[in-house]
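Now for the letters of each chain:
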Amino acid sequence: MKLRFLLLLPELVLLFFFLAPIYKRICNPGNLGGALCCLFLMALTIFPKPIAHFFRQLWTHLPGKIGLIIVGAFVAFGIVFCSVMSVQMVRAMEHTPQAPETVIVLGCKVRGTTPSAMLTRRLEAALAYLNEHEDVMCITTGGQGAGEDIPEGEAMKTWLVAHGIAESRILVDNTSADTHENIQNAAAILKEQGLGNEVVIITDGFHQYRASLMAKDAGLYATAYSARTNPLYVPTYWVREWMALFELVILDHA
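Sequence order as written defines the numbering, with residues in each chain counted from 1. Predicted model: local features are reported for residues with pLDDT of at least 70 only, side-chain atom pairs are reported and counted for 80 or more only, and whole-chain, interface and lining totals are derived from all residues. By convention in this description, side-chain values take in all heavy atoms of the structure and omit both hydrogens and water.

**Student:** Got a minute to help me understand the overall build of the protein in this structure?
**Tutor:** Looking only at helices and strands, the protein has 9 helices and 7 strands in total. Per-residue accessibility, obtained with a 1.4 Å probe over protein chains only, is compared with the maximum for each type, and a residue is labelled buried under 20%, exposed over 50%, and partly exposed between these values. The buried share among the 254 residues of the protein stands at 43%. We call two residues in contact whenever any of their non-hydrogen atoms come within 4.5 Å of each other. A sequence separation of at least 24 residues applies to 71% of the contacts in the protein between residues at least 6 apart. Here Asp and Glu are counted as negative and Lys and Arg as positive; His is not counted, and neither are the chain ends. Throughout, a charge is located at the NZ atom of Lys, the CZ atom of Arg, the CG atom of Asp or the CD atom of Glu. In the protein, 19 side chains carry a positive charge and 22 a negative one; their mean positions are 16 Å apart. Helical segments are the DSSP runs of H or I of at least four residues, strand segments are the runs of E of at least two, and each set is numbered from the N terminus.

**Student:** Explain the nonpolar core to me, please; I cannot follow it from the model alone.
**Tutor:** The tendency in soluble globular proteins is for nonpolar side chains to be buried side by side. In plain words, nonpolar cores are sets of buried Ala, Val, Leu, Ile, Met, Phe, Trp, Tyr and Cys residues tied together by side-chain atoms within 4.5 Å. Formed by 35 residues in total, the largest nonpolar core has its most connected members in Val103, Val105, Leu130, Leu160 and Ile202. No other element matches helix α5 (residues 117–132), which puts 8 residues into this core. Of all hydrophobic cores here, the second largest spans 17 residues; its members include Leu106, Ala211, Met214 and Ala222.

**Student:** How should the pairing of strand β7 (residues 221–227) be read in this particular structure?
**Tutor:** Walk down a regular strand and you will see the side chains alternate between the two sheet faces. Direction of pairing for strand β6 (residues 198–204) relative to β7: parallel, over a ladder of 7 bridges. Along β7, the bridge assignment pairs Ile201 with Ala224. With its strands directed away from the observer, a crossover is right-handed exactly when the path from the first strand over the helix to the second travels clockwise. You can see the chain leave β6, run along helix α8 (residues 208–217) and come back into β7, and the turn it takes is right-handed. A pair of strands counts as paired when DSSP detects no fewer than two bridges linking them.

**Student:** Any chance you could explain the sheet that holds β7 here in plain terms?
**Tutor:** Within a sheet, each strand pairs with its neighbour through backbone hydrogen bonds, oriented either parallel or antiparallel. Pairing within the open sheet is parallel, and its 5 strands lie in the order β5-β4-β1-β6-β7. This sheet does not close on itself; its edge strands, each paired only once, are β5 (170–173) and β7. Strand-to-strand twist of the sheet, defined as the mean angle between neighbouring strand axes without regard to direction, takes the value 25°. Summarising the sheet, strand β1 (residues 102–105) and β6 pair through 4 bridges and their orientation is parallel. Looking across to β6, one finds that Ile104 is bridged to Ile201. Along the sheet, helix α6 (residues 152–162) makes contact with β1, β4 (138–141) and β5, crossing β4 at roughly 135°. Here the axes come from fitting lines to C-alpha atoms, over the contacting stretch only for helices, and the angles between their N-to-C directions go from 0 to 180 degrees.

**Student:** Even after reading the chapter, I still don't get the environment of Trp238, so can you show me in this structure?
**Tutor:** Relative to the helices and strands, Trp238 resides in helix α9 (residues 234–250). Taking relative accessible area as the criterion, Trp238 reaches 17% and is therefore assigned buried. Spatially, the C-alpha atom of Trp238 lies 22 Å from that of Leu8, the residues being 230 residues apart in sequence. What Trp238 contacts, discounting residues up to four positions off in sequence, is Ser86, Met89, Val90, Met93 and Phe206.

**Student:** Mind showing me how you'd approach the pairing of β4 here?
**Tutor:** In β4, alternate side chains face the same way, and those of Cys138 and Thr140 on one face and Ile139 and Thr141 on the other are all buried. Direction of pairing for β4 relative to β5: parallel, over a ladder of 4 bridges. If you follow Thr141 over to β5, its bridge partner there is Asp173. Between β4 and its parallel partner β5, the chain crosses via α6, and the hand of that crossover is right-handed.

**Student:** Mind showing me how you'd approach the packing of aromatic side chains here?
**Tutor:** What characterises a pair of aromatic rings is the spacing of the ring centres plus the angle enclosed by the ring planes. Two rings from Phe, Tyr or Trp (for Trp, the six-membered ring) form a pair when their centres sit within 6.5 Å of each other. Planes less than 30 degrees apart are called stacked, planes more than 60 degrees apart edge-to-face, and all others tilted. This structure, assessed with the given rule, holds 7 aromatic pairs. With centroids separated by 6.4 Å and ring planes inclined at 75°, the aromatic side chains of Phe77 and Phe246 adopt a geometry described as edge-to-face. Taken together, the residues Phe77 in helix α4 (residues 62–94) and Phe246 in helix α9 connect sequence positions 169 residues apart. Given a relative accessible area of 38%, Phe77 falls into the partly exposed group.

**Student:** Help me understand unusual backbone geometry in this model?
**Tutor:** As a rule of thumb, non-glycine residues mostly have phi less than zero, and peptide bonds are mostly trans rather than cis. The backbone of Arg25 sits at a positive phi, close to 65°, despite the residue not being glycine. For Arg25, the position within the fold is in the loop between α1 (2–23) and α2 (29–46). For Asp252, which is not glycine, the phi torsion reads 55° and is therefore positive. For Asp252, the position within the fold is in the segment after α9.

**Student:** In this structure, what is going on with the environment of Ile79? I would like to understand it.
**Tutor:** For Ile79, the location among the structural elements is in helix α4. For Ile79, a relative accessible area of 53% gives the class exposed. Taking C-alpha positions, Ile79 is 26 Å from Ala215, a pair spaced 136 residues apart along the chain.

**Student:** Is there a simple way to think about α5 in this case?
**Tutor:** Helical geometry: 3.6 residues make up each α-helical turn, so side chains three or four residues apart lie on a common side. The end-to-end C-alpha distance of α5 is 23 Å, a good match for the 22 Å that 16 residues give at a rise of 1.5 Å each. Along α5, the positions that sit buried rather than exposed are Met118, Leu119, Thr120, Arg121, Arg122, Leu123, Ala125, Ala126, Leu127, Tyr129 and Leu130. One less than the residue count of a helix, multiplied by 1.5 Å, gives the span that helix is expected to have.

Pasting the structure below:
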């Protein structure tokens, strides 16, 4: 009984990490999926005997056996896939630039005309890199979405100029609607401006691996310069990234 409650504690903590972002209006498949998994694990911890009995009853019937085998195979695949993707995500974060290259800042939510907290952290990372490498050009990416008064790319340019970056160093993509279009439009700007195909992508760490796959598909060689992510939100966005990578890697849909 005591061991059961010890197992319940980390499950409750993890559940908190998935539910807390909702208070900040961050609600996506990552925290919803993570919360459901936590609730299922908590149910297994609190009611192990009834659940085991239910599974044994299912196993006595052929349709139940088939269903359990299918579910078991799906769970096993999910664990392996998420583990492999997590390793790749960490490796992508550590693939940092060895030489100054053109910066691509990936878009994120703008509230009215003001960059969201997450986008601000990406811009702070971009500002640090651009101040360190004063000859480097920057491409800000992102169109105008719901609740946004201006395109994300324009809001980012305005922020960077206000913080001392010369306007002439900033090129803007203001039409893209997602990461795939961010990368594709940035690649077109690079080609048009003759800036080569080696770039530094600035985004959150959890996002770097998927961005690098899309960059490779666009003919770019990308390294990572990651913004700091609020630790409270990491589990939510990490799980959401698993889902997005499943769509990209397995379903081949960007």
